[in-house]
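What the coordinates show
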Amino acid sequence: MTGWIMAFIFIVVCTAMDMKEKNIGIEWLVMFFVLGIVYSMYVEREGRQIIFSMIPGIIVLILAIITREKIGKGDGVMIVNLGILLGFKNIINVLMVSLIVCAVASLLMIVIKRVNKNYEIPFAPFLMVALALIGMCGGI
């Protein structure tokens, strides 16, 4: 439960920054990375479990580099941090729900002509919604 609370605090801060500045401060990302590692050690996760839980975020970071940041590197680091706090299964669930919510919201915005297909949408709010939904369901 503590991991979920820490993850939610982290994502609320990241969402505020992402919405306001379209950038997430490196100091917050580093601070929560360190807190996540300390927390994982406290709950006695093995090193390979911690590394495994970082893989989805690392994949997003690689995609950010390949796509020349059509996906932000900050999004990848957020997902790495959330993975450390929540574990592999939960970060996969959060990532899948956030992608679905983002796709639906994006389609709605395009259909009602609020944005065009090149509009940059901050991803942190969708991670926050997914984290809240899954957290309320007890971490599916």
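Residues numbered from 1 in each chain as written. Predicted model: local features only at pLDDT ≥ 70, side-chain atom pairs only at ≥ 80, totals over all residues. Heavy atoms only, no water.

**Topic: the overall build of the protein**
How we decide: Segments assigned H or I by DSSP are reported as helices when at least four residues long, segments assigned E as strands when at least two residues long, and all are numbered from the N terminus. Here the radius of gyration uses the C-alpha set of atoms, whereas the globule reference equals 2.2 Å times the residue count to the power 0.38. Partly exposed residues are those whose accessible area sits between 20% and 50% of the maximum for their type, while under 20% is buried and over 50% is exposed, using a 1.4 Å probe and protein chains only. Should any heavy atoms of two residues lie within 4.5 Å, those residues are counted as being in contact.
When you go through the protein residue by residue, the secondary structure sums to six helices and zero strands. If you list the helices and strands of the protein from N to C, you get α-α-α-α-α-α. Against the compact-globule benchmark of 14 Å for 140 residues, the protein has a radius of gyration of 15 Å, which places it among compact chains. By its C-alpha atoms, the protein is 50 × 30 × 25 Å across when sized along the principal axes. The buried share of the protein, reckoned over its 140 residues, is 40%. Counted over contacts in the protein with a minimum sequence separation of 6, partners at least 24 positions apart contribute 69%.

**Topic: the packing of aromatic side chains**
As a reminder, the rule being used: Classification of ring pairs uses Phe, Tyr and Trp, with its six-membered ring standing for Trp, and accepts pairs whose centres are within 6.5 Å; under 30 degrees between planes counts as stacked, over 60 as edge-to-face, and the remaining range as tilted. Whether a charge lies above a ring is judged from NZ of Lys or CZ of Arg, which has to be within 6 Å of the ring centre and within 35 degrees of the ring normal.
Under the definition given, this model contains four aromatic pairs. For the ring pair Phe10 and Phe32, a centre distance of 4.8 Å and an interplane angle of 50 degrees mean the geometry is tilted. With Phe10 in helix α1 (residues 2–21) and Phe32 in helix α2 (residues 26–42), this pair connects stretches of sequence that are 22 residues apart. Phe10 sits in the buried class, given a relative accessible area of 0%. Seen from their ring centres, Phe52 and Phe88 are 4.3 Å apart, and the 35 degrees between their planes marks the pair as tilted. With Phe52 in helix α3 (residues 47–66) and Phe88 in helix α5 (residues 88–111), the pair connects residues that are 36 residues apart, well separated along the chain. It is Lys22 that lies over the ring of Tyr119; its NZ or CZ is 5.1 Å from the centre.

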